[in-house]
Amino acid sequence: MTTERVYLFKRFERFWHWSQAALVIALLITGFRIHGVISGFDVETGIRVHMYAAWALMALWAFAIFWHFTTGEWRQYIPTLDRAVAVARFYAWGIFLGEAHPYHPTPEHKQNALQRLAYLWVKILINPMIWISGLALLFMALNWTTLESARPFGVSLQTLAWAHTIAAYMMATFFVLHIYLATTGATPLAHIKAMITGWELNEQ
Amino acid sequence: MKPTASDRINSARLTSWAAALAICALLASGASAETATAPTGAAPLAAAPAGTDDPALQPLKLQRAVPRANGPWTPVDHGKFAALKGPFKSPRDVTSACLTCHTDSANQMKSTIHWTWSKKDPNTGHMIGKANVFNTFCANIKSNEQFCTVCHVGYGDPDPAHFVPFNERAENQVDCLVCHDRSGKYKKIPFLGGNPAVERTRVRPGCNEVYGTEEPYVDPPDLAAVAQSVGAPKRENCGGCHFYGGGGDGVKHGDLDSSLVKATKALDVHMDANGLNFACETCHVASNHLLAGSHYEVDAKPTGGALMRGSAHGGNPASCQSCHGDMPHKKSTLASTINMHTRDIACQTCHIPAMARGGVATKMKWDYSSAGKFGPNGTPLVLNDAKGDNVYWGVKGTFAWGRDVIPQYAWFNGSEDWMTNGEKLHPGADGVVEVNRISGSATDGKSRIWPFKIMRNNQPFDPVNNTLTIFHSFGFDDDAFTISGDWNRSITAGMKDAKLPYSGKFSFVPTRMYWPLAHMVAPAEKALQCAECHADGGRLASVAGVYIPGRGSDHQPWTERLGMLAVVLSAAGVIGHGLLRIMMWLRRRRGEAA
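Residues numbered from 1 in each chain as written. Chains lettered and ligands numbered in written order. Predicted model: local features only at pLDDT ≥ 70, side-chain atom pairs only at ≥ 80, totals over all residues.

Colleague: So what about the overall build of chain A? Which residues, and what values?
Modeller: When you go through chain A residue by residue, the secondary structure sums to six helices and two strands. Mapped in sequence order, the helices and strands of chain A form the string β-α-α-α-α-α-α-β. (Helix = DSSP H or I, 4+ residues; strand = E, 2+ residues; numbered from the N terminus.)

Colleague: Before we move on, can you summarise the overall build of chain B with the specific residues and values?
Modeller: Within chain B, the regular secondary structure consists of 18 helices and 17 strands. By the burial criterion, 36% of the 594 residues in chain B qualify as buried. Across chain B, the fraction of contacts at a sequence separation of at least 24, relative to all contacts at a separation of at least 6, is 66%. (Buried ≥ 20, exposed ≤ 12 C-beta atoms within 10 Å, placed from the backbone. Contact = placed C-beta atoms within 7 Å.)

Colleague: Account for the packing of helix α1 (residues 11–35) of chain A against helix α2 (residues 43–71) of chain A, naming residues and giving values.
Modeller: All names here are of chain A. Packing of α1 against α2 leaves a shortest axis separation of 8 Å and a crossing angle of 150 degrees. Here α2 runs roughly antiparallel to α1, going by the angle between their axes. Where α1 crosses over α2, the two elements pack in a sense that is left-handed. Contacts from Phe 12, Trp 16, Ser 19, Gln 20, Leu 23, Ala 26, Leu 27, Thr 30, Gly 31, Arg 33 and Ile 34 of α1 reach α2 at Val 43, Gly 46, Ile 47, Val 49, His 50, Ala 53, Ala 54, Ala 56, Leu 57, Leu 60, Ala 64 and Trp 67. (Axes fitted to C-alpha atoms, helices over the stretch in contact; angles between N-to-C directions. Parallel < 35°, antiparallel > 145°, perpendicular 65-115°, else oblique. Left-handed = near helix turned anticlockwise from the far one by under 90°.)

Colleague: Account for the nonpolar core, naming residues and giving values.
Modeller: Ranked by size, the top nonpolar core spans 98 residues in total, and within it Val94(B), Leu177(B), Ala227(B), Ala410(B), Ile449(B) and Trp450(B) carry the most contacts. When residues are assigned to domains, this core turns out to be shared by domain 2 (74–242) and domain 3 (351–469 + 506–532) of chain B, each giving three or more. Among residues more than four places away in sequence, those in contact with Ala227(B) are Leu84(B), Gly86(B), Phe88(B), Val94(B), Ala97(B) and Leu177(B). Counting residues in hydrophobic clusters, the runner-up holds 14 residues, among them Ala161(A), Ile166(A), Val176(A) and Val567(B). (Core = buried A, V, L, I, M, F, W, Y, C linked by C-beta atoms within 7 Å. Domains from an automatic or database assignment.)

Colleague: I'd like a description of the interface of chain A and chain B, backed by residues and values.
Modeller: Many authors give the size of an interface as the accessible area that is lost as the parts come together. At the junction of the two partners, chain A supplies 30 residues and chain B supplies 35 residues. Breaking the side of chain A that touches chain B down by element, the ones donating at least two residues are α1, α2 and α5 (157–181) of chain A. Of all the elements, α5(A) adds the most residues to the side of chain A that touches chain B, at 12 residues. Split by residue class, the side of chain A that touches chain B holds 19 nonpolar, eight polar and three charged. (Nonpolar A, V, L, I, M, F, W, Y, C, P; charged D, E, K, R; others polar.)

Colleague: Talk me through unusual backbone geometry; I want residue IDs and the actual numbers.
Modeller: All names here are of chain B. Looking along the chain, the bond that leaves Gly 86 and enters Pro 87 is cis, with omega of -5 degrees. Although it is not a glycine, Asn 466 adopts a positive phi angle of roughly 60 degrees. As for its position among the elements, Asn 466 is in the loop between β15 (448–462) and β16 (467–468). Exposure remark for Asn 466: the 14 C-beta atoms within 10 Å place this residue in the partly exposed category.

Colleague: Outline the environment of Val94(B), supporting the account with residue identities and numerical values.
Modeller: Tracing the backbone through its elements, the reader meets Val94(B) in helix α4 (residues 91–101). Residues Val94(B) and Leu177(B) lie 83 residues apart in sequence; the distance between their C-alpha atoms is 8.3 Å.

Colleague: Give a detailed account of the pairing of strand β1 (residues 3–7) of chain A, specifying residues and quantitative values.
Modeller: All names here are of chain A. Among the five residues in β1, zero count as buried, and that is only a small part of the element. Pairing geometry for β1 and strand β2 (residues 199–203), over five bridges, is antiparallel. By the bridge assignment for β2, Glu 4 is matched with Asn 202. (Pairing = 2+ DSSP bridges.)

Colleague: Mind laying out the packing of α5(A) against helix α18 (residues 557–593) of chain B, listing which residues take part and the relevant values?
Modeller: Relative orientation of the contacting elements α5(A) and α18(B) amounts to 0 degrees, with a least axis distance of 9 Å. On the basis of the axis angle, α5(A) is roughly parallel to α18(B). Of the residues in α18(B), those touching α5(A) at Trp162(A), Thr165(A), Ile166(A), Tyr169(A), Ala172(A), Thr173(A), Val176(A), Leu177(A) and Tyr180(A) are Thr559(B), Gly563(B), Ala566(B), Val567(B), Ser570(B), Ala571(B), Val574(B) and Gly578(B).

Colleague: Which residues make up the environment of Arg182(B), and what values go with them?
Modeller: Residues and elements named next belong to chain B. Looking at the element boundaries, Arg 182 is found in the loop between α8 (177–180) and β3 (201–202). Residue classification places Arg 182 among the buried positions, given that 20 C-beta atoms sit within 10 Å. Once the C-alpha coordinates of Arg 182 and Ala 225 are considered, the two residues, 43 residues apart in sequence, prove to be 9.9 Å apart.

Colleague: Just give me the short version of helix α17 (residues 487–497) of chain B, but keep the residues and values in it.
Modeller: Residue and element names in this part refer to chain B. Looking at α17, one finds that the buried residues are Ser 490, Ile 491, Ala 493, Gly 494 and Met 495. Each element contacted by the buried residues of α17 is listed here: β15 and α16 (481–484). Looking at the residues trailing α17, positive phi occurs at Lys 499, about 55 degrees.

Colleague: Could you give an account of the confidence of the model for chain B, with specific residues and numbers?
Modeller: Residue and element names in this part refer to chain B. Scored by pLDDT, chain B comes out at a mean of 88, with 89% of its residues at no less than 70. Model confidence for chain B, summarised as mean pLDDT per element, is weakest for helix α2 (residues 33–36) at 40 and strongest for strand β7 (residues 362–367) at 98. When the criterion is pLDDT under 50, residues 23–46 qualifies, and its contacts beyond four places in sequence or with other chains add up to 16 contacts. For this predicted complex, the interface confidence score (ipTM) comes to 0.93, while the overall pTM stands at 0.87. (pLDDT = per-residue confidence, 0-100.)

Colleague: Tell me about the environment of Pro501(B), residues and numbers included.
Modeller: Residue and element names in this part refer to chain B. Position of Pro 501 among the secondary structure elements: in the loop between α17 and β17 (507–516). Assessed through the 12 C-beta atoms surrounding it within 10 Å, Pro 501 is described here as exposed. The spatial distance from the C-alpha of Pro 501 to the C-alpha of Asn 465 is 7.5 Å, given a sequence separation of 36 residues.

Colleague: Before we move on, can you summarise the pairing of strand β11 (residues 408–412) of chain B with the specific residues and values?
Modeller: Residue and element names in this part refer to chain B. Most of β11 sits out of view: four of its five residues are buried. Inspection of the sheet shows β11 paired to β15 by five bridges, in the antiparallel sense. Paired with Ala 410 across the two strands is Trp 450, which belongs to β15.

Colleague: Tell me about helix α4 (residues 113–140) of chain A, and please be specific about residues and values.
Modeller: Residues and elements named next belong to chain A. Relative to the 40 Å expected for 28 residues at 1.5 Å per residue, α4 spans 39 Å between its end C-alpha atoms, a close match to the ideal helical length. Of all the bends in α4, the greatest, near 35 degrees, is centred on Val 122. Regarding α4, the residues found buried are Arg 116, Ile 130, Ser 133, Gly 134 and Ala 136. As for α4, its buried residues are in contact with α2 and α5. (Expected span 1.5 Å × (residues − 1). Bend = angle between axes of the 7 residues up to and from the residue.)

Colleague: So what's going on with the confidence of the model for chain A? Residues and values would help.
Modeller: This prediction gives chain A a mean pLDDT of 89; 93% of its residues lie at or above 70. When mean pLDDT is compared element by element in chain A, α1(A) scores highest at 97, while β2(A) scores lowest at 83.

Okay, here's the thing in structure tokens:
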């Protein structure tokens, strides 16, 4: 089995990935503290960090969206079923037998079909859901009673909070899977190194 | 205290010495000409020691802030008035003397609820005030007036058996001294219709606190000395009634007791004797003897910013918001988040973390049904617990007390439905009669979540007429419950006095009374932390109509279950997948090695 090195992730992309990772982890921890699911530090710290991290993440997203559209990188997320079955079969079977990954990323097509679907799901469902409900909570939590006249767009704080929570659980699930799948490269650390250096190992 | 001649000489000498020393110090240090100009203010004083007393030579010093609280606030030394030289034969003569200058004060006083004990509730149209409503302490004033008017700003007939209605009283029957005495030597005595002792009076056994003495007797006050001391009310004046309501220190309110006289900062940030040192009337601003703020007129949700001088606000100065505005949090990095709370959470809810914090216990429960037991010596039985709190008294029943009590919380719009004399009972679903049922909800736009002391009793009612009974508790006659311990007899007398029907049958019904809290405001660092409410089983666990992040009952249960399941299954899935990968990899490696 031979391997080749490909320069997959540009500098901004890597910066975006890791800063987003740090912020999402901080938001998950503090969010679930505020929600009352975990403990270990006070709610005040939770709220403080959650708010600052949320603003930082939104700023980051603004840059990332700009970058995706100006560089055309958004095309990486166009859904496809190309080799989807082969990729699924790899994770369900081939990976245990030491087979090579059926998909070989190139700078033009970094993601396999399953990655595309997963990230598209994050970008068009989870992120907007978190973003919209979170902004509404930041600015409209004042209108949190059941008072009909005080519901922005007819949505109660409870509904917003539930939406935010659903998105948070989806993000947490994504996070668990993402961390694990990061270890499924040519070597357990190959994908992680790639996201640090930009250079991915492709098995032939 | 006025400075004496020798004081003045001493102070002049001191000033000269200080100035001389300052100059010597400057010369010795070889100060430059520039720095030497700084203390020149001292030099002329040293040069002209005879002029140090001349106000015209003193440095300009203007009043920089509102007058210090707890001062007499007056340019008048009442000790110099001929009209107050005395001697006074009766307290009414003192009032007559007051009225020679303060011409309208008695009339002003007589229009306020401090005098009438009766007003029409603008919310319900009912007649309210002490004279008309029930409470869950001694239950009712009617037939007990000569005792209860120990806290009325008037003088009735000192005959314990003869009550003179307030509206039949003359101007000089207004009691100026109870509020304006600054000598601390004026004390009204129970059973005397609001009069101080007119002669040496025996203290009723067990009642020393109400008589305000440790001695077995009370002597009449020196009315001239008291009259000459008058000025703005001190905490002790307001507190004489408002700290001791319900029969003793701290009994009634929970947030008002004698610990506030010399309050620490931790007890009350505004009344801190070494700090802001507010008088009661700093917030309860008075105009024409009418005071701002009342339990009968609670401004549950004051709106707008802080009250500014000259603004046509019409707001209530006895509210937090009148000084702090409605966006009061500024220092914290969470200020905007905390300010979001002010629309729906009363300031008091977070800033009064507990009541009765000054060491004085407040009465939480009173059970009249157990009253009437006498000790072996024939006097009413008295039992105290280990802390010295009175847990049983034959003339009143069983008590429970509390210190550092966490309040109860409820939506409150300031309106209370007071149970008035003769009103039919309408107990709630739990069978408890609320003598002042509070109104409020998350949806009425007028409410905020307020802290309350809830005072419970088990008090006599007439099961046939379905009314709370008025009973004659206090007196020297045999109809008085405190004398005979006979419920039927005292109820008969009380209902007769109130001109209400009594079936002759009585029983006891659990009652509840709400006391919105507004005092004992803790400093900011002692205010509630987020997790006190933003948690499962927090302080607002039972408050409905609001989504509280962190309160489990507000979560969508299926979101939590499915969300948690997704995370847990994913974690389990990847761990399983990973273990299998490792196992297969080890097997492959062994195979390769072999």
